[in-house]
Amino acid sequence: MSHYRFTILMFAFLCVLVVYPFLDHFQLFHIDFILNIFITFLLISCIHALSTSHHEAVMACLVILPAIFMDWIGVFSENRYVEITVDIYKIVAYSYICYGLLRYALRAGVVDREKIAAAVNVYLFLGLIWRDLFSLVNILIPDSFNSELLGQTDFLYYSFVTLSTLGYGDVLPVNGPAKALAYIEAIIGQLYLTILVARLVGLHIAYTGPECQDRD
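Below, the structure is looked at part by part. Remember, predicted model here, so these are calculated numbers, not experimental data.

What follows concerns the packing of helix H5 (residues 113–140) against helix H6 (residues 152–163). The interhelical angle for the contact between H5 and H6, taken along N-to-C directions, is 125°, at an axis separation of 8 Å. Looking at the two axes, H5 sits oblique to H6. Helix-helix and strand crossings are classified by hand; for H5 and H6 the assignment is right-handed. In this structure, H5 contributes Tyr-123, Leu-124, Leu-126, Gly-127, Leu-128, Trp-130, Arg-131, Asp-132, Phe-134, Ser-135 and Asn-138 to the contact, and H6 contributes Gln-152, Phe-155, Leu-156, Tyr-158, Ser-159, Phe-160 and Leu-163. Of the residues assigned to the contact of H5 with H6, the class counts are 11 nonpolar, 5 polar and 2 charged.

Below is the structure:
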């Protein structure tokens, strides 16, 4: 299973993105509880994916496990300060995960399935980071968006729409901090894809091109 750790993580992430909106729409279960089960499963998959050595396993646990714990506290608390703390913990954990995944995806070596899966996971986690950033700014500055009833599903949708620069316009930031987060996410999304493709193509040429075959 360790040989497919980033692929497993990618499929876990896609499961969250596909299943959760349907549960939210039909209100089949207590949606916050179900979302946290998905997120917990996703973060545990991240610990497994990043634990390539004992040191990295310890670091992953120290950063990610508190985020899981705080996320569950947030389910049973409606306190504003708890919500702020939960969002901050998750942003830190997701950023650490992105760093570990990106370091693996862009390191020297043959471009294989696992590197591609790690790179895809980074892009998906960028969407999660900005979801929590949008949620955080909306808590700190109420009415930062054009709707008063935006939940986690709405911020998740808005984040990925912004990251991919689709820009449907149904959810709009209405103040400076929210607008800044939106255009920064759009810029990062485009730069990431451009730099990622260039790096992966360069690695592919370097390790599978004619010169490499001649050396062999």
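Next up on the list: the environment of Leu-196. Examined against the element boundaries, Leu-196 turns out to sit in helix H7 (residues 176–208). Since its relative accessible area comes to 11%, Leu-196 is described here as buried. Through-space distance from the C-alpha of Leu-196 to that of Ala-119 is 7.7 Å; in sequence the pair is 77 residues apart. Once you skip the residues sitting within four places of it in the chain, Leu-196 turns out to touch Leu-106 and Ala-119.

Following both chains from N to C, one finds helix H4 (residues 80–105) and H5 inclined at 160°, their axes separated by 8 Å at the closest point. When the interaxial angle is binned, H4 and H5 end up roughly antiparallel. H4 and H5 meet at a crossing whose hand is left-handed. Partitioned by chemical class, the residues of the contact of H4 with H5 number 21 nonpolar, 3 polar and 8 charged.

Turning to the nonpolar core, a few remarks are in order. By size, the foremost hydrophobic cluster in this structure holds 60 residues, and its most contacted members are Ile-64, Tyr-94, Ile-97, Leu-101, Phe-125, Phe-134 and Phe-145. Elements supplying a minimum of two residues to this core: helix H1 (5–26), helix H2 (31–50), helix H3 (54–75), H4, H5, H6 and H7. It is H5 that contributes the most residues to this core, 15 residues altogether. Among all residues touching Tyr-94, those that are not within four sequence positions of it are Ile-39, Leu-43, Phe-125, Leu-128, Ile-129, Arg-131 and Asp-132.

The next point concerns the packing of aromatic side chains. All told, the structure shown has 8 aromatic pairs when counted by the stated rule. Centre to centre, the rings of Phe-134 and Tyr-158 are 4.9 Å apart; their planes meet at 55°, and the pair counts as tilted. With Phe-134 in helix H5 and Tyr-158 in helix H6, this residue pair connects regions lying 24 residues apart in the sequence. One exposure class covers both Phe-134 and Tyr-158, and it is buried. Three or more aromatic residues joined by ring pairs make a cluster, and in this case those are Phe-134, Phe-145, Phe-155 and Tyr-158.

What counts and how
- Residues numbered from 1 in each chain as written.
- Predicted model: local features only at pLDDT ≥ 70, side-chain atom pairs only at ≥ 80, totals over all residues.
- Heavy atoms only, no water.
- Axes fitted to C-alpha atoms, helices over the stretch in contact; angles between N-to-C directions.
- Helix = DSSP H or I, 4+ residues; strand = E, 2+ residues; numbered from the N terminus.
- Parallel < 35°, antiparallel > 145°, perpendicular 65-115°, else oblique.
- Left-handed = near helix turned anticlockwise from the far one by under 90°.
- Contact = heavy atoms within 4.5 Å.
- Nonpolar A, V, L, I, M, F, W, Y, C, P; charged D, E, K, R; others polar.
- Buried < 20%, exposed > 50% of the residue type's maximum accessible area, 1.4 Å probe, protein only.
- Core = buried A, V, L, I, M, F, W, Y, C linked by side-chain atoms within 4.5 Å.
- Phe/Tyr/Trp six-rings, centres within 6.5 Å; stacked < 30°, edge-to-face > 60°.

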